[in-house]
Amino acid sequence: LKHSAWLAQAPRRFNSGLPVNIGVLFVPQQEAWVVERMGKFHRILEPGLNFLIPLLDRIRYVQSLKEIVINVPEQSAVTLDNVTLQIDGVLYLRVMDPYKASYGVEDPEYAVTQLAQTTMRSELGKLSLDRVFRERESLNASIVDAINQASDCWGIRCLRYEIKDIHVPPRVKESMQMQVEAERRKRATVLESEGTRESAINVAEGQKQAQILASEAEKAEQINKAAGEANAMLVKARAKAEAIQLLAAALAQQHGNAAASLSVAEQYVSAFSKLAKDSNTLLLPANTGDITNMVAQALGIYSTLTKTQAMKTQDKVPPTCEEPQPFPLEELKAEESSSS
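Under an unreviewed UniProt entry, the protein chain has the name Stomatin-like protein 2, mitochondrial and belongs to Bucco capensis. Under the heading Subcellular location (unreviewed entry), UniProt records this for the protein chain: "Mitochondrion inner membrane". UniProt lists a comment for the protein chain under the heading Sequence similarities (unreviewed entry), and it reads "Belongs to the band 7/mec-2 family."

**Q** Any chance you could break down the sheet that holds strand β2 (residues 31-37) for me, citing the residues and the numbers?
**A** Where strands meet in a sheet, backbone hydrogen bonds hold them as pairs that are either parallel or antiparallel. What the 3 strands build is an open sheet, ordered β3-β2-β5; its pairing is antiparallel. Of all strands in the sheet, those with a lone pairing partner are β3 (40-45) and β5 (57-64), marking the two edges. For this sheet the average axis-to-axis angle between neighbouring strands, irrespective of direction, equals 25 degrees. Sheet topology note: the β2/β5 ladder contains 7 bridges and is antiparallel. Residue pairing in the sheet places Val 35 in a bridge with Ile 59 of β5.

**Q** Got a sec to walk through the packing of aromatic side chains? Specific residues and values, please.
**A** Per the stated rule, a full pass over the model turns up 4 aromatic pairs. Judged by centre distance (6.1 Å) and plane angle (80 degrees), the rings of Phe 41 and Tyr 103 are edge-to-face. Pair noted here: Phe 41 is in strand β3 and Tyr 103 is in helix α2 (residues 98-103), with a separation of 62 residues, a long-range link. Looking at Tyr 103, the relative accessible area reads 33%, which means it is partly exposed. Seen from their ring centres, Tyr 61 and Tyr 103 are 5.5 Å apart, and the 85 degrees between their planes marks the pair as edge-to-face. One end of the pair, Tyr 61, is in strand β5; the other, Tyr 103, is in helix α2, and 42 residues separate them in sequence. Exposure remark for Tyr 61: the relative accessible area of 13% places this residue in the buried category. By the ring-pair criterion, three or more aromatic residues cluster together here, those being Phe 41, Tyr 61, Tyr 99 and Tyr 103.

**Q** For the sheet that holds strand β7 (residues 84-95), give the residues involved together with the corresponding values.
**A** Overall, antiparallel pairing links the 3 strands, which are arranged β6-β7-β8 in an open sheet. Bordering the open sheet on either side are β6 (68-78) and β8 (156-167), each of which pairs with just one other strand. Taking the axes of each pair of neighbouring strands and ignoring which way they run, one obtains an average angle of 25 degrees across the sheet. As paired strands, β6 and β7 are joined by 9 bridges and run antiparallel to one another. Bridging across to β7, Ile 68 finds its partner in Leu 93. The strands touched by helix α3 (residues 108-124) within the sheet are β6, β7 and β8, with β6 carrying the most contacts at an inclination of about 35 degrees. Packed onto the sheet, helix α5 (residues 136-151) meets β7 and β8 and runs at close to 140 degrees relative to β8.

**Q** Mind laying out the pattern of salt bridges, listing which residues take part and the relevant values?
**A** Following the criterion strictly, the structure yields 7 salt bridges and no others. Glu 123 serves as the salt-bridge partner of Lys 126, at 3.8 Å between the closest nitrogen and oxygen. Overall, Glu 123 belongs to the buried group, its relative accessible area being 17%. With its nearest N and O atoms 3.1 Å apart, the salt bridge here joins Arg 131 to Glu 135. Accessibility expressed as a relative area gives 25% for Glu 135, which makes it partly exposed. When salt bridges with common partners are traced through the structure, they connect Glu 67, Arg 94 and Arg 160 into a single cluster.

**Q** Any details on a nonpolar patch on the surface? Residues and values, ideally.
**A** Among the surface-exposed residues, Val 24, Phe 26, Leu 49 and Phe 51 lie close enough to one another that they form a single nonpolar patch of about 440 Å² accessible area. Within the residue set of the nonpolar patch, elements represented by two or more residues are β1 (24-27) and β4 (48-51).

Cut-offs used in this document
Residues numbered from 1 in each chain as written. Predicted model: local features only at pLDDT ≥ 70, side-chain atom pairs only at ≥ 80, totals over all residues. Heavy atoms only, no water. UniProt positions renumbered as here; feature names shortened; annotations may be inferred. Pairing = 2+ DSSP bridges. Helix = DSSP H or I, 4+ residues; strand = E, 2+ residues; numbered from the N terminus. Axes fitted to C-alpha atoms, helices over the stretch in contact; angles between N-to-C directions. Phe/Tyr/Trp six-rings, centres within 6.5 Å; stacked < 30°, edge-to-face > 60°. Buried < 20%, exposed > 50% of the residue type's maximum accessible area, 1.4 Å probe, protein only. Contact = heavy atoms within 4.5 Å. Salt bridge = Lys/Arg side-chain N within 4 Å of Asp/Glu carboxyl O. Patch = residues over 30% accessible without salt bridge, like charges linked within 9 Å, V, L, I, M, F, W, Y side chains within 5 Å. Areas by Shrake-Rupley, 256 points an atom, 1.4 Å probe, with all protein chains shown as cover.

Next up, the structure:
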C-alpha cells in the first residue's frame, strides 16, 4: 500500500495493514476512512458507527484530520549577496479534503516537503544575508502562500511554516561578529559624544543664565543708585528753594538790605582773615583794605539785580514792604577800625 496511510495516527502510519471490513465498523474521532466498492470510490466513513458490505466494500485509505507536523530537512541556499546558508524548518499541515488527499497525489508528505524546500531556496535568493535575519516572518509567510497555492488540489492546507535553524559559514560568522562589535563601539561613541554635547550645552546655558542674572542685578543696582541720587538732588533742591524763599522773605522785610549788607561784610572779613592760612601765594585787589568800597560794590550789584526783578514783576505783584534804608557807612568804618 506504499504511502497510503501517511497521515494516520502514529501507530498506524507505518503499518502495512488497514482495518478489515467485517460489516460493522467503528471509526475513531478525527479520522476519515476512504471506502472503495469493487475498486471504485464509494464513500468516506465518518466517526462513529458505520455498516459496510463484506467482500464488496474495502477500506482503501485512512486519513487523519488532525494537524500534522513535518520536519523539512536541512538544505543549502544562496542569498542575494552570494552567501551559502544551511537552513531547515517545520511544516504544520492539515487534511481538509480526504478524497483529494487520497487520490490527488501519490505521496503528499514528499510532495509538500519538496515544495517547501524549493520555495525556501527561491525566496532566500531574493534577500541579502542581513535581511534574511530581519525578515524571517515575511519569509515564512511567503513559503506558506506558495505551498497553499500548489496543495489546493491535494486537499491539504499548510497552516504555517517556521524556520528552525540558519547555519552561517564560519568566516561569515566571524565577519558578522566583528560587524556587531563595531556597531556597538559606534553606538557607544555616539552616546558618549551626545553626553559631552549635552554637558557643554548645560554649562553654556548655566553661564548664560548667570550673566543674565548678573546684568539684571547690576541694572537694578544702577537704577536704584540713580533713583537715590535723583531723590537726594530733589531733596537738596527743595531745601535750597525753601532757603531762598526764607531769605527772600527776610530781605523783603524792613531793614532787610541793612541785614544783607552786614552779612556780606562779615563774610568778607572772614574770608580775608583765612587768606594767609591756606596758601603762601596770594592774589589781592589793590583796595583790599577798603572794606567800605567792597561792601558798596556788592550791595550795588545786589541792588541792580533786585531792581531788574522788581521791574519785571511790577505789573503782577504789588509792593508789600517799604524801600530798604541804606546802611550807614560810618558804622562800617567803626566796625573796621575795631576789628583791625
